[in-house]
Amino acid sequence: WEQNRVKLEAANQARIAEQQRRTEEATRQQEEFKQRQEAEKVRHMEEMQRKQKEQQATLGIRRVIIKLKAATEETIEALTVELHEALGNELVICGSQQVQIKAEADAGVEQAKAKIEKLKEAKRLDEERKAEIERKRQEAVVKAQELLGQMKGLVEAAEGAAEGLKKASKKLLDKEDPSDFKLPQLERLSAAIEEAAREAKEKLKVCTDMVLKEGAAMRVSDLKTVKKVMPGEEAAKEEEESDKLSMQKMMARITECTKGNDLALIASRVAAEKAKKKVEAKDKIAAMEKVFAKYDNNKDGFLDKKDVLKYAQGEFKFRLPDEAADAIIRVLVEEKTKGVKKGDFQKLRVAVGIERERALDIKRKEERIEREQKLAVMKEELQKKIDAATKEVEACLERIGKVEAEAQPLPGKARTMSATEMVQAADELDVVVKDAREELARVRTTVAALIEDVDPELRSFVFGQKKGLEFTLQRGDPRLNKAQSTGTSFRGMADKKKADELAKLETLALGMLRYHQTQKQLTGEDLFAAIDTSKDDKIDAAEFAAFFKTCEKEPIKKQTKETKEKKEGEQKEDEKKEAEGDAKKEEEVEAEVEVTQAPSEEDLARLFEHFDSEKEGLSKEKFCSLVRVYMKVAKDTVMTSDLSIKDSKTLRRLEVGEIVEVLAGPMKEGTVD
């Protein structure tokens, strides 16, 4: 036990010592860790300060580089020196970025120098461009001055022509009494003024043409240029500008010249017109005085009644009635005078003119009355023609009504008429429609002829009557069109019915041919030979029709059903029997046996014409194609070498959907029920 205790204490002491050692080791490690943290913190702070200084140094240098890149020709040297100073002071602080910053600085210097060179080149090119523009401007100004010199000569020529127009107009405008001109002299003067105006207009047109052609080049001289003027040079500059030719001045002179020409021409024309009127008036007065003197026989300055009568007869070929002459003398002759004085001669002319008009009015009235009588006779004759034309119009419309009455019931008769009858009815309708149209055209011609050779004063009367009749006839065309449309539609129905009848005839005839072929056990070629009695390898219409008289005809069972009538009192009993299953069945009468009737000869002729479209007779090939029969396999079966199943061999299997040609038959196999 003691040994165990000693071992246990020793173990405890060792364990305690190990714990103390571990505690001391942990304390030591904590102290070392704290020391490392403090050292790392100090190192980190120093590193941060170093990087901050590097960053400040690099930012300072880069600011100078940016300023250098934006430098101008004047500031590039100072900024280059500033960059070198910044590199000398702060590049060593940049640390790891020294190489990059140095490269950026070198690149910035190169870029700045290149930029300055580009600016210098651009400035040089701009100065050259401005110099070229100024050179071209000076050339354009010189050319403009040359053109303006030419324009000046043209304007001076136009102004000279304008002055000539004013001088020509002055002869007319300065005349105190234009009536002193003679009419030929006035016409010559007016012609001279118009010629001067034409010449002036042509000269101005030459100027305006040059403006249109060279205006843009000449306006260069009017452009203002900004130039610095030295003190004391203002007066010389103004004098130079005033002596310089300009487009503006030329245009002002052209406008002024044009305005002066227009005013002078207008004034001349007005004055010439006034002078002409005065000269004509003076000539008329002189002519009147000459006429007055001509009929003043005693030359006393008065026209008595005898002179007035001679004046009317001599000047107007008018015999003035004595009472009219007396009335004129009473009105125009003053007391104590011998007759009409010269001053009242115009009144005498007016009075004679009034009497002439009065005489003409009487004559016109007589002519009008005579004309009205003739018109009344012509109107009566025209009315007879109009009445006759009206009767023709009414008869024509009545005929059209009959055509409509004939056409209207045709569609309803289509069910009861044969195709041939329908075609015949349509043909008859076409004939009556055509006749009615011709009658309508003839009546239209008659109505149109009413206006021919009619007096102009009666044309309005006849025109109104003619229009009314033409309007009435207009209703005929749509009515005839409707009737014709009915006939066309009816003919279409006939064609359809004809096709249906031919289809039925074809079905009936081919059925009879195939029945005969089956009954006689004939092939298509054998059937052809039976019909072709003339043996010319063609079937004609007679042979075709003759065959149907003697061929085998299929019997037809015609069944009739007679249903017993039930009485109202037996209704309940019938219902009871039906419920029990003993309901009465309808009685059937024994079928009456009939045979298929052959088509008529007319129908057979139509059918043969349908088959023989080429009019050469039915050949064997075409006939066999008509009577050939095909069947479709509806159930799987086999094709054998003979009719008898027992004695024949299987040739091939027939699958559903195959098409086979029937050469003969159908025939019944005797061993099969």
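Calculation criteria
- Residues numbered from 1 in each chain as written.
- Predicted model: local features only at pLDDT ≥ 70, side-chain atom pairs only at ≥ 80, totals over all residues.
- Heavy atoms only, no water.
- Helix = DSSP H or I, 4+ residues; strand = E, 2+ residues; numbered from the N terminus.
- Rg over C-alpha atoms; globule rule 2.2 N^0.38 Å.
- Buried < 20%, exposed > 50% of the residue type's maximum accessible area, 1.4 Å probe, protein only.
- pLDDT = per-residue confidence, 0-100.
- Contact = heavy atoms within 4.5 Å.
- Axes fitted to C-alpha atoms, helices over the stretch in contact; angles between N-to-C directions.
- Left-handed = near helix turned anticlockwise from the far one by under 90°.
- Nonpolar A, V, L, I, M, F, W, Y, C, P; charged D, E, K, R; others polar.
- Core = buried A, V, L, I, M, F, W, Y, C linked by side-chain atoms within 4.5 Å.
- Salt bridge = Lys/Arg side-chain N within 4 Å of Asp/Glu carboxyl O.
- Disulfide = S-S within 2.5 Å.
- Polar contact = N/O pair within 3.5 Å; in protein donor to acceptor, adjacent residues only side chain to side chain.
- Parallel < 35°, antiparallel > 145°, perpendicular 65-115°, else oblique.
- Patch = residues over 30% accessible without salt bridge, like charges linked within 9 Å, V, L, I, M, F, W, Y side chains within 5 Å.
- Areas by Shrake-Rupley, 256 points an atom, 1.4 Å probe, with all protein chains shown as cover.
- Lys, Arg positive; Asp, Glu negative; His and termini not counted.
- Charge placed at Lys NZ, Arg CZ, Asp CG, Glu CD.
- Phe/Tyr/Trp six-rings, centres within 6.5 Å; stacked < 30°, edge-to-face > 60°.
- Lys NZ or Arg CZ within 6 Å of the ring centre and 35° of its normal.

1. What to know about the overall build of the protein chain
Each helix and strand in the protein chain was counted, giving 18 helices and 12 strands. Its C-alpha atoms give the protein chain a radius of gyration of 68 Å, clearly above 26 Å, the size a compact globule of 673 residues would have. Counting only C-alpha atoms, the protein chain reaches 190 × 150 × 75 Å along its principal axes. By the burial criterion, 26% of the 673 residues in the protein chain qualify as buried.

2. Comments concerning the confidence of the model for the protein chain
Per-chain confidence: the protein chain averages 82 in pLDDT, with 90% of residues scoring 70 or above. Below a pLDDT of 50 lies the segment residues 559-567, which in the model reaches 12 contacts outside its immediate sequence neighbourhood of four places, other chains included.

3. Looking at the packing of helix H14 (residues 524-531) against helix H18 (residues 620-627)
Packed helices, taken two at a time, are described by the angle between their axes plus the distance between the axes. It is the contact of H14 with H18, at a shortest axis distance of 9 Å, that shows an interaxial angle of 115 degrees. The crossing of H14 and H18 is right-handed. In contact with Gly-524, Glu-525, Leu-527, Phe-528 and Ile-531 of H14, H18 contributes Lys-620, Phe-623, Cys-624 and Val-627. Split into classes, the residues belonging to the contact of H14 with H18 amount to six nonpolar, one polar and two charged.

4. A few points about the nonpolar core
Judged by nonpolar contacts, the single largest core of 33 residues is most densely connected at Val-393, Val-403, Val-447, Leu-450 and Phe-490. The element contributing the most residues to this core is helix H9 (residues 345-407), with 10 residues. Other than its neighbours up to four places away in sequence, Val-403 contacts Leu-429, Val-432, Val-433, Ala-436, Leu-480 and Ala-483. Counting 23 residues, the second largest nonpolar core, distinct from the first, contains Ile-531, Phe-544, Leu-607 and Phe-608.

5. Digging into the pattern of salt bridges
By the definition in use, this model includes 43 salt bridges. With a shortest N-O distance of 2.5 Å, Arg-28 and Glu-32 are connected by a salt bridge. Of this pair, Arg-28 and Glu-32 both sit in helix H1 (residues 2-69), four residues apart, roughly one helical turn. In this structure Arg-28 comes out as partly exposed when scored by relative accessible area, which is 37%.

6. Focus: the state of the cysteines
Tallied over the entire structure, the rule returns zero disulfides. Among the cysteines around Cys-207, which has no disulfide bond, Cys-257 carries the closest sulfur, lying 7.6 Å off. A relative accessible area of 0% places Cys-207 in the buried class. Cys-624 carries a free sulfur, and the closest cysteine sulfur to it, the one in Cys-551, is 17 Å from it.

7. A closer look at helix H15 (residues 541-550)
Those residues of H15 lying buried are Glu-543, Phe-544, Ala-545, Phe-547 and Phe-548. Those residues of H15 that are buried are in contact with helix H13 (476-519), H14, strand S3 (538-539) and helix H17 (601-611). Capping the start of H15 is the job of one residue whose side-chain oxygen sits 3.3 Å from the backbone nitrogen of Ala-542: Asp-540.

8. Topic: the packing of H9 against helix H11 (residues 419-448)
Where H9 meets H11, the axes come as close as 10 Å, and the angle between the chain directions of the two elements is 165 degrees. In terms of axis orientation, H9 runs roughly antiparallel to H11. Of the two elements, H9 crosses H11, and the hand of that crossing is left-handed. Contacts between H9 and H11 involve Ala-389, Glu-392, Val-393, Cys-396, Arg-399, Ile-400, Val-403, Glu-406 and Ala-407 from the former and Glu-428, Leu-429, Val-432, Val-433, Asp-435, Ala-436, Glu-439, Leu-440, Arg-442, Val-443, Thr-446 and Val-447 from the latter. When the residues that make up the contact of H9 with H11 are grouped by side-chain class, the tally is 13 nonpolar, one polar and seven charged.

9. Here's the deal with the side chain of Ser-169
Tracing the backbone through its elements, the reader meets Ser-169 in helix H3 (residues 98-173). For Ser-169, the residues in contact, after removing those within four places along its chain, are Ile-193, Ala-264 and Ser-268.

10. Brief notes about a negative patch on the surface
A cluster of acidic side chains, namely Glu-187, Glu-273, Glu-280 and Asp-283, defines a negative patch on the protein surface. It is helix H6 (residues 247-295) that provides the largest number of residues to the negative patch, a total of three residues. On the secondary structure map, Glu-280 appears in helix H6.

11. As for the packing of aromatic side chains
Counting across every chain of the model gives seven aromatic pairs. Judged by centre distance (5.6 Å) and plane angle (90 degrees), the ring pair of Tyr-311 and Phe-316 falls under edge-to-face. A residue is classified by how much of its surface remains accessible, and Tyr-311, at 1% relative accessible area, is buried. What makes Phe-316 partly exposed here is its relative accessible area of 23%. Clustering of aromatic rings is evident, with ring pairs tying together Phe-292, Tyr-295, Tyr-311, Phe-316 and Phe-345. One cation-aromatic arrangement involves Lys-379 over Phe-461; the distance from NZ or CZ to the ring centre is 4.6 Å.

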